[in-house]
There are 2 protein chains.
Amino acid sequence: MSDIHYPMGFKPLPSKEKPAPLPRAKNKGAANRGMDFEAEINESNAYYREKDLCVMYKRPTPIKIVKVDYSKGATIKEAYFETQSTTDYNGVYKGHYVDFEAKECRSKTSFPLHNVPPQQIDHLKAVIRHGGIAFFLIRFALLDATYFLPASYLIAFLESGKRQSIPVADIKAHGKKVPEGFRPRYDYLPLIDEVFLK
Amino acid sequence: MSDIHYPMGFKPLPSKEKPAPLPRAKNKGAANRGMDFEAEINESNAYYREKDLCVMYKRPTPIKIVKVDYSKGATIKEAYFETQSTTDYNGVYKGHYVDFEAKECRSKTSFPLHNVPPQQIDHLKAVIRHGGIAFFLIRFALLDATYFLPASYLIAFLESGKRQSIPVADIKAHGKKVPEGFRPRYDYLPLIDEVFLK
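On a predicted model such as this, the values are computed, not experimentally measured, just so you know. Throughout this description, residue numbers start from 1 for each chain and increase along the sequence as written. Here the convention is simple: chains get letters from A, ligands get numbers from 1, in the order in which they are written. Local features are withheld for residues below a pLDDT of 70 in this predicted model, meaning they are given only at 70 or higher, and side-chain atom pairs are given and counted only at 80 or more; totals for whole chains, interfaces and linings count all residues. The basis for every side-chain value is the complete set of non-hydrogen atoms in the structure, without hydrogens or water.

Thoughts on the interface of chain B and chain A
- The contact criterion used is simple: two residues touch if any of their non-hydrogen atoms lie within 4.5 Å. With 39 residues of chain B at the contact, the number on the chain A side is 38 residues.
- Approximately 3,000 Å² of surface area, both sides summed, lies buried where chain B meets chain A, with 64% of it carried by carbon and sulfur atoms.
- Note on definitions: salt bridges are taken to be side-chain nitrogens of Lys or Arg within 4 Å of carboxyl oxygens of Asp or Glu. For the pair chain B and chain A, the number of links is two salt bridges.
- The partner of Arg129(B) in a salt bridge is Asp52(A), with the nearest N and O atoms 2.7 Å apart.
- Polar contact is the term for a pair of N or O atoms within 3.5 Å; when the atoms are in protein, one must be able to donate a hydrogen and the other to accept it, and sequence-neighboring residues count only if both atoms are side-chain atoms. Taken together, the connections running from chain B to chain A amount to nine residue pairs in polar contact (both at pLDDT 80 or more).
- Strands here are runs of E lasting at least two residues and helices are runs of H or I lasting at least four, both read from the DSSP assignment and numbered beginning at the N terminus. For the side of chain B that touches chain A, the elements supplying multiple residues, two or more each, are strand E1 (55-58), strand E2 (63-69), strand E3 (75-81), strand E4 (89-93), strand E5 (96-105) and helix H2 (118-129) of chain B.
- Examining the composition of the side of chain B that touches chain A, we find that seven residues originate from one element, E3(B), more than from any other.
- Classifying every residue of the side of chain B that touches chain A by side-chain character gives 20 nonpolar, 13 polar and six charged.
- Two strands are counted as paired when DSSP detects at least two bridges linking them. For strand E3 (residues 75-81) of chain A and E3(B), the ladder comprises four bridges, and the chain directions are antiparallel. Across the sheet, residue Tyr80(A) finds its bridge partner in E3(B), namely Thr75(B). Put simply, buried area is how much 1.4 Å-probe accessible surface two parts lose in total, over both of them, once they are put together. Residues were grouped as follows: Ala, Val, Leu, Ile, Met, Phe, Trp, Tyr, Cys and Pro as nonpolar; Asp, Glu, Lys and Arg as charged; and all remaining residues, including Gly, as polar.

Structure (structure tokens):
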């Protein structure tokens, strides 16, 4: 991890840290079953905002607009999806800038790094350089488990060039399992305290 | 300003503070003339990112997608503009969460508060409660002048209910004139230091 800066007192996780056992999901939220990961995180963020615990939002998907019909209101008639040059989520928690990306994968054994485009890596490195808190929420759908992984760890792993995917065992060792419940569906906020603010 | 919290050591501007004289624009950037305010701020942010001074982005405009044609790639065939529930810009500077809105007005004497929808006020109040840095960049097109105004001042003014618009004199007294140049077009970053981080 030598080429990553940790300004403002941030530090990488000790490399052999064993995550403390976390409470198991109390309520898997049958009503949420089938809802996609992004929508569930949006719901979790809405819950946090409602309880005034933080201000976290998904950035809208950038769209390139080609044609707009103004004949009745403004109706977009031709447009294309653009690639997000940043991550999907950001906001403020306890005065800190927070930036994260949520990824879901179908593997049972590892998280394929090709899921993270280079511009997201560059963005997250910039966030870390400027003293922000940066992490991934990685959902292993087939394991029914979601992990909180500091972006610094994923970046160092990627730049080591050793493997094209991070084994689940490494994610467990260097991240934290995200407690799941009804509301919020993914309770990642206490993990920010645990990992970055303790 | 009694109902506004300033956690994490933030404080409102002294109410009678006289802004220090700022350097006049060295180069009005003829190439930029006619470019709209939003595009010029985007350019300023791109310059800051390029120089690695902060990570600041415009949030994409939220769009409600109704119909997508997948026959060749994904072409959006019907969609509508949605109202941004937050401000337009946010990011990280020196470890701090920064959130701001840019507004341009045609008045020469005051900034009409109806330009700021209630959801933006609520959002900015939440940002301040959680220790973020919140401000407005207000451009008076006919005066060819742009001001940096802490959101706390605008909110307090609005909630005092005295007037429907903030006189330019008040904005000058409680804000700072944004230095204009070629790159960055609007050099607002040093004003964050001056107003919030000194």
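Examining the relation of the copies chain B and chain A
- Superposing the copies works by least squares over the C-alpha atoms of residues that have pLDDT at least 70 in both of them. Mapping chain B onto chain A is achieved by rotating through 180 degrees and translating by 0.0 Å along the same axis, at an RMSD of 0.0 Å. The two molecules are tied by a two-fold rotation axis, judged by turn and shift.
- Both copies share a contact surface, since 97% of the interface residues of chain B are interface residues in chain A too.

Overview of the side chain of Glu180(B)
- Residue position: Glu180(B) is located in the loop between strand E10 (176-177) and helix H5 (189-197).
- Among the polar contacts listed, one links the side chain of Glu180(B) to the side chain of Arg185(B), at a separation of 3.4 Å.

Some points on the environment of Pro190(A)
Residues and elements named next belong to chain A.
- Tracing the backbone through its elements, the reader meets Pro190 in helix H5 (residues 189-197).
- Burial classification: accessible surface area is computed with a 1.4 Å probe over protein chains only, and a residue below 20% of its type maximum counts as buried, one above 50% as exposed, and the rest as partly exposed. A relative accessible area of 39% means that Pro190 is categorised as partly exposed.
- Taking the C-alpha atoms as reference, Pro190 lies 9.3 Å from Val178; in sequence the two are twelve residues apart.

Some points on the sheet that holds E3(B)
- Pairing within the open sheet is antiparallel, and its four strands lie in the order E2(A)-E3(A)-E3(B)-E2(B). Looking at the sheet topology across the chains shown, the edges are occupied by strand E2 (63-69) of chain A together with E2 of chain B. If you compare each strand with its neighbour and ignore which way they point, the axes differ by 35 degrees on average.
- Where E2(A) and E3(A) come together, six bridges link them in antiparallel fashion. Counted as the bridge partner of Lys64(A) is Tyr80(A) from E3(A). Only the contacting stretch of a helix is used when fitting its axis, a line to C-alpha atoms as for every element, and angles between N-to-C directions run 0 to 180 degrees.

Keep in mind these values describe shape, not function.
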